[in-house]
Amino acid sequence: MAELRVGIIGAGRVGPAIASALRGNGYQISGIYARSSAGQDRVEVMLPGVRLLSPIQVVDSSDLVFLAVPDREIEVVAAELRDHWRPRQLVAHLSGATDLSVLAPAEAAGSLTMSLHPAMTFTGTSLDVHRLQGCPIAVTGDPLVRPVGWAIAQDLGGVPFELPAQNKVHYHAALTHGANHLVTVVVQAQRLLAEAGVPPEALAPLARAALEGALAGGMANLTGPVARGDEQTVENHLAELAGNSVADSYRFLSDQTRTELMRFREADDE
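Residues numbered from 1 in each chain as written. Predicted model: local features only at pLDDT ≥ 70, side-chain atom pairs only at ≥ 80, totals over all residues. Heavy atoms only, no water.

Trainee: Mind laying out the overall build of the protein chain, listing which residues take part and the relevant values?
Mentor: Within the protein chain, the regular secondary structure consists of twelve helices and seven strands. Projecting the C-alpha coordinates of the protein chain onto the three principal axes gives extents of approximately 65 × 45 × 30 Å. In the protein chain, of all internal contacts separated by at least 6 residues, the share reaching a separation of at least 24 is 57%. In the form shown here, the protein chain has an accessible surface area of approximately 14600 Å², with 55% of it arising from carbon and sulfur atoms. The averaged location of the 30 negative side-chain charges in the protein chain is 6 Å from the averaged location of its 20 positive side-chain charges. (Helix = DSSP H or I, 4+ residues; strand = E, 2+ residues; numbered from the N terminus. Contact = heavy atoms within 4.5 Å. Areas by Shrake-Rupley, 256 points an atom, 1.4 Å probe, with all protein chains shown as cover. Lys, Arg positive; Asp, Glu negative; His and termini not counted. Charge placed at Lys NZ, Arg CZ, Asp CG, Glu CD.)

Okay, here's the thing in structure tokens:
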């Protein structure tokens, strides 16, 4: 696999990390397309010596092309390059929610299409290469190309798993809910602490312990007033938060916590 010439279209947060990880594992990076000056600077720092090319040049000089562009642009870029894709060329996008139909122009030319999605957040710095180590990577593609995607995911340092195309949106919704919405809850809690005159960083040890407990044992490790059945404390909280922008979130998530706790206890009784 390391004999493949790899080209990247897109130098946002993910593309340079993918290129850097593969380069570190012996792959030849044929070139990368960076549209913005920020992307060009990122390539200079993370991929010294790698050529900046046009999208057409990237395709023409590569055996494996990653479309590391925003989800809404994948189909557009694939179509713009329809006259340059070639048979048995490997073409991959990095979206967690987008199926492979957006790569139809490449497939029509005989290219082998797939998607690889690292379940990780990226910063656009060299730190991301380390984050790929042991990172779960979803591989989507037909049976012919799936083993290739699997091998590339391993060469990135990740742990590949198969993700059927029809499940991609469901999968991505789960990741978004578990990671992005977690950030929202933490930020809201920090704001409440600041309003109470408490340093926001006071939340950190409790939040880390709660996350570790949830990942290890789910609702079995739930603590707090809902877990204790202390509804008076919940009502006191809601009364205190009346008129606060966090009140609706608190009320909704308290209800959701009761529902999930009931589901857990019912399952535990079976």
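Trainee: Any chance you could break down the UniProt feature "domain: DUF2520" (unreviewed entry) in the protein chain for me, citing the residues and the numbers?
Mentor: UniProt records the feature "domain: DUF2520" (unreviewed entry) at residues 135-256, using the numbering of this structure. Along residues 135-256 one finds 62% helix and 8% strand; the C-alpha atoms at either end are 29 Å apart. (UniProt positions renumbered as here; feature names shortened; annotations may be inferred.)

Trainee: A description of the sheet that holds strand E5 (residues 112-118) should follow, citing residues and the corresponding values.
Mentor: Taken in spatial order, the seven strands make up an open sheet running E2-E1-E3-E4-E5-E6-E7, and their pairing is mixed. Of all strands in the sheet, those with a lone pairing partner are strand E2 (28-33) and strand E7 (159-162), marking the two edges. Pairs of neighbouring strands in the sheet enclose a mean axial angle of 25°, with direction left out of account. Where strand E6 (residues 136-141) lies against E7, four bridges are found, and the strand directions are parallel. In the sheet register, Pro136 faces E7, and the bridge partner there is Val159. (Pairing = 2+ DSSP bridges. Axes fitted to C-alpha atoms, helices over the stretch in contact; angles between N-to-C directions.)

Trainee: I'd like a rundown of helix H12 (residues 247-269), residues and numbers included.
Mentor: The end-to-end C-alpha separation of H12 is 33 Å, in line with the 33 Å expected for 23 residues at 1.5 Å each. Buried within H12 are the following residues: Ala247, Ser254 and Leu261. Contacts from the buried residues of H12 go to helix H10 (225-228) and helix H11 (231-240). (Expected span 1.5 Å × (residues − 1). Buried < 20%, exposed > 50% of the residue type's maximum accessible area, 1.4 Å probe, protein only.)

Trainee: Requested: an account of the pattern of salt bridges, with residues and values cited.
Mentor: Taken as a whole and judged by the stated rule, the model has nine salt bridges. Between Arg258 and Glu231 there is a salt bridge; the shortest N-O distance is 2.8 Å. Linking Arg258 in helix H12 with Glu231 in helix H11, this pair joins segments that are 27 residues apart in sequence. The exposure class assigned to Arg258 is partly exposed, which follows from its relative accessible area of 25%. Assessed through its relative accessible area of 31%, Glu231 is described here as partly exposed. Residue Arg251 is joined to Asp248 by a salt bridge in which the shortest nitrogen-to-oxygen separation is 3.5 Å. In this pair, Arg251 and Asp248 are both assigned in helix H12, three residues apart and thus about one turn of the helix distant. Connected via shared salt-bridge partners are Arg5, Asp63 and Arg86. (Salt bridge = Lys/Arg side-chain N within 4 Å of Asp/Glu carboxyl O.)

Trainee: Please provide a residue-by-residue account of unusual backbone geometry, values included.
Mentor: Here Arg88, not a glycine, exhibits a phi torsion of approximately 65°, which is positive. By the element assignment, Arg88 lies in the loop between helix H4 (71-80) and strand E4 (90-93). A residue is classified by how much of its surface remains accessible, and Arg88, at 63% relative accessible area, is exposed.

Trainee: How would you explain helix H7 (residues 146-155) if you had to name every residue and give the values?
Mentor: For H7, every residue scored as buried is listed here: Gly149, Ala151, Ile152 and Ala153. Looking at the buried positions of H7, the neighbouring elements they touch are helix H1 (15-24), strand E3 (64-67), E5, E6 and E7. Trailing H7 by a residue or two, Gly157 shows a phi angle of about 95°, which is positive.

Trainee: Lay out the packing of H11 against H12 with the relevant residues and their values.
Mentor: The contact between H11 and H12 brings their axes to 10 Å, and the two run at 160°. It follows that H11 is roughly antiparallel to H12 by the angle criterion. Crossing geometry of H11 relative to H12 is assigned as left-handed. The residues of H12 that touch H11, namely those facing Glu231, Val234, His237 and Leu238, are Ala247, Tyr250, Arg251, Ser254 and Arg258. Taken together, the residues of the contact of H11 with H12 sort by class into four nonpolar, two polar and three charged. (Parallel < 35°, antiparallel > 145°, perpendicular 65-115°, else oblique. Left-handed = near helix turned anticlockwise from the far one by under 90°. Nonpolar A, V, L, I, M, F, W, Y, C, P; charged D, E, K, R; others polar.)

Trainee: Report on the layout of surface pockets, specifying residues and quantitative values.
Mentor: The space that makes up the largest pocket amounts to roughly 2400 Å³. When contributions to the lining of the largest pocket are tallied by element, the ones reaching two or more residues are helix H8 (168-195), helix H9 (204-217), H10, H11 and H12. It is H8 that provides the largest number of residues to the lining of the largest pocket, a total of 14 residues. Along the lines of polarity and charge, the residues of the lining of the largest pocket split into 30 nonpolar, 16 polar and three charged. Quantified by volume, the second largest pocket comes out at close to 770 Å³. Taken together, 24 residues form the lining of the second largest pocket, with His117, Pro118, Met120, Thr121 and Phe122 sitting closest to its centre. Only H4, E5 and H8 provide two or more residues apiece to the lining of the second largest pocket. (1 Å grid on protein atoms, 1.4 Å probe; cavity = no way out; pocket = protein on both sides within 12 Å on 5 of 7 lines; lining within 4 Å. Points joined across faces, edges and corners; volume = space filled by probe spheres on them.)

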